[in-house]
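Spelled out from the first residue to the last, the chains are:
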Amino acid sequence: MIGRVKRYFGIEGVKVFLDAPEEVTTRKGRIEGEVSFASMNRQEVTEVRVRLIERYARGRGDNKKIDEYEMGSIFLKQKIQIEPEQESRLPFVLPFKKLRSEVDEFANRNFLFQGLASLAKSAYAAQSEYYIIAEAKVKGTALSPFIKKAIDIRG
């Protein structure tokens, strides 16, 4: 009985690991990596979703606004048997496209505008953080295991 409850909530279930580069250029337009799985019990992963998210924050104090944008996503519908105490790996290639704000578009018009755009970003305390999320659906569990890793995007 307790074993079934543990399995349903993912306790002692599948652990997800992510091996991806720490820095990527926008020129490349893709991230190559690997999702790994480990478990103390025999489990079956039915699908994996890998996403690249931009967290865009601007403003200060009470006027601070935070938005999240999905820059790329892949959905791998593949059954993977996870044996106890053994690691299973799944390679992936995640294509993405960097979103540009109006200030970025203004800066790209002319090299003279880059200084003004930089000044505007610092005045509004605008900054972006990027991270990859890998989430696995495990057969017979209600909660999906996931991992989140920060990544630096240049260019």
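Our subject is the structure listed above.
Residues numbered from 1 in each chain as written. Predicted model: local features only at pLDDT ≥ 70, side-chain atom pairs only at ≥ 80, totals over all residues. Heavy atoms only, no water.

(A) View of the nonpolar core. The biggest cluster of nonpolar side chains holds 27 residues, and the ones touching the most others in it are Ile 31, Val 35, Phe 37, Val 45, Val 50, Leu 52 and Ile 132. Those elements giving two or more residues to this core turn out to be β1 (15-19), β3 (30-38), β4 (43-58), β5 (65-76), β6 (80-82), β7 (88-95), β8 (127-138) and β9 (146-154). It is β8 that provides the largest number of residues to this core, a total of 5 residues. If we ignore the near neighbours within four places in the chain, the residues touching Val 45 are Val 14, Phe 37, Gln 78, Lys 79, Ile 80, Ile 82, Ala 136, Lys 137 and Val 138. (Core = buried A, V, L, I, M, F, W, Y, C linked by side-chain atoms within 4.5 Å. Buried < 20%, exposed > 50% of the residue type's maximum accessible area, 1.4 Å probe, protein only. Helix = DSSP H or I, 4+ residues; strand = E, 2+ residues; numbered from the N terminus. Contact = heavy atoms within 4.5 Å.)

(B) Here's a closer look at the pairing of β3. Both β1 and β3 contribute to a ladder of 5 bridges, which runs antiparallel. The residue bridging Val 16 from the neighbouring strand is Phe 37, located in β3. Note: β3 against β7, 8 bridges, orientation antiparallel. Following the sheet pairing, Ile 31 is matched in β7 by Leu 94. (Pairing = 2+ DSSP bridges.)

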